[in-house]
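One letter stands for each residue in the lines below.
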Amino acid sequence: MNDAALKSDTQDIVVDEVFPHAPETIWKTLTTGELIARWLMMPTTEFEPAKGKRFTFQTTPAGAWDGVIHCQVLEATPNERLVYAWKGGHEGNVGYGSRLDTVVTWTLSRVENGTRLRLVHSGFVLPKNGTAFKSMSEGWKKVVRNLDSIAAEQDSSKPLH
Amino acid sequence: MTQTATVDAVMRTLADPTRRAVFERIVKSEEITVAELTRGSGVTQSAISQHLRSLKQAGLIADRPEGRNVHYRADPQGLAPLVDWMALYAVFWRDRFANLRTLLKEIDP
């Protein structure tokens, strides 16, 4: 096996859309505590777009994890770029609530009729082939225990967690 | 994004509390028949059969016919879309973008 094969495989989620609003308006919704709560739909502690600022989101607990997502602003360039760390979960969990050490990056760029908003949520460690399902049979019961909360919230279109 | 579509299907299927209860009973037993699932469930056998069809369609269960009985068991692959954060967040962020669009329309018509 070479080095690349031994490394954990991480992947990103990308959502990229154009909004018919100015970058300044979008920046405001991404960085104002009261507005964040309205679109992100998770209770959050006071947010400030300042490098180093720590804040949290409260989601549904799972196992030994209290459901708190710990964030820290890594970069904030007004109307252009906002980056924060997004960490949570616990080693003892499988699936929902497992260890999570990721980064959320928002990039705003002015386009003809508004703003292109690009979200990159990076650093997801994907289970390697095969072993995922072996460990899953162990964690099967845990997954089922978490199902109720996940599916119920999805149903009532509340936050996914 | 096929993975996201699958998460949606699994979520939709399990959003129904009765169906979720049926699924959880199947998970807890090695194999189980419709008659066994109906007993003590408080729902009719035809209702159970309908839930079984939905669960099978979503890839959550597999069946094994034997004589006049059909045995159902959980298909571990079926929950795969739910086991990683990435699949969950793919749906999460897409929903949040929709919220953001609605909110922006409100504050900046």
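None of these values were measured; they are calculated from a predicted model. (Residues numbered from 1 in each chain as written. Chains lettered and ligands numbered in written order. Predicted model: local features only at pLDDT ≥ 70, side-chain atom pairs only at ≥ 80, totals over all residues.)

### A short note on helix 2 (residues 23-31) of chain A
All of the buried residues in helix 2 of chain A are Ile26, Trp27, Thr29 and Leu30 of chain A. Down the axis of helix 2 of chain A, the sector holding all buried residues measures 165 degrees, keeping them to one side. (Buried ≥ 20, exposed ≤ 12 C-beta atoms within 10 Å, placed from the backbone. Helix = DSSP H or I, 4+ residues; strand = E, 2+ residues; numbered from the N terminus. Arc of directions from axis to C-beta.)

### What about the sheet that holds strand 1 (residues 32-33) of chain B?
Sheet strands pair via backbone hydrogen bonds, and the direction of the pair is either parallel or antiparallel. All names here are of chain B. An order of 1-3-2 is seen for the three strands of this open sheet, with the pairing classed as antiparallel. Taken across any chain shown, the strands that pair with only one partner, and hence form the sheet edges, are strand 1 and strand 2 (61-66). Sheet topology note: the strand 2/strand 3 (residues 69-74) ladder contains six bridges and is antiparallel. Residue pairing for strand 3: glutamate 66 is matched across the bridge by asparagine 69. Against the sheet, helix 2 (residues 17-28) engages strand 1, strand 2 and strand 3, with an angle of about 90 degrees to strand 3. (Pairing = 2+ DSSP bridges. Contact = placed C-beta atoms within 7 Å. Axes fitted to C-alpha atoms, helices over the stretch in contact; angles between N-to-C directions.)

### Notes on the environment of methionine 11 of chain B
Note that methionine 11 of chain B resides in helix 1 (residues 2-15). Considered as a pair, methionine 11 of chain B and alanine 58 of chain B are 47 residues apart in the sequence and their alpha carbons are 9.4 Å apart.

### Quick notes on the nonpolar core
Core analysis: the largest hydrophobic core is formed by 28 residues, its most contacted members being Ile26 of chain A together with Leu88, Tyr89 and Trp93 of chain B. Going through the elements one at a time, strand 1 (9-19), helix 2, strand 3 (68-77), strand 4 (81-88), strand 5 (100-111) and strand 6 (114-126) of chain A together with helix 6 (85-107) of chain B are the ones with two or more residues in this core. Counting residues per element, this core draws most heavily on helix 6 of chain B, at nine residues. Apart from residues lying up to four places away in sequence, tyrosine 89 of chain B is in contact with Ile13 and His121 of chain A. (Core = buried A, V, L, I, M, F, W, Y, C linked by C-beta atoms within 7 Å.)

### Some points on unusual backbone geometry
The phi angle at asparagine 79 of chain A is positive, at roughly 65 degrees, despite the residue not being glycine. Examined against the element boundaries, asparagine 79 of chain A turns out to sit in the loop between strand 3 and strand 4.

### With respect to the pairing of strand 4 of chain A
Residues and elements named next belong to chain A. Where strand 3 meets strand 4, seven bridges bridge the pair, whose relative direction is antiparallel. By the bridge assignment, threonine 77 is partnered in strand 4 with arginine 81. Between the antiparallel neighbours strand 3 and strand 4 lie three residues, among them asparagine 79 with a positive phi of about 65 degrees. Bridge count between strand 4 and strand 5: eight bridges; the pairing is antiparallel. Directly across from lysine 87, in strand 5, lies its bridge partner aspartate 101.

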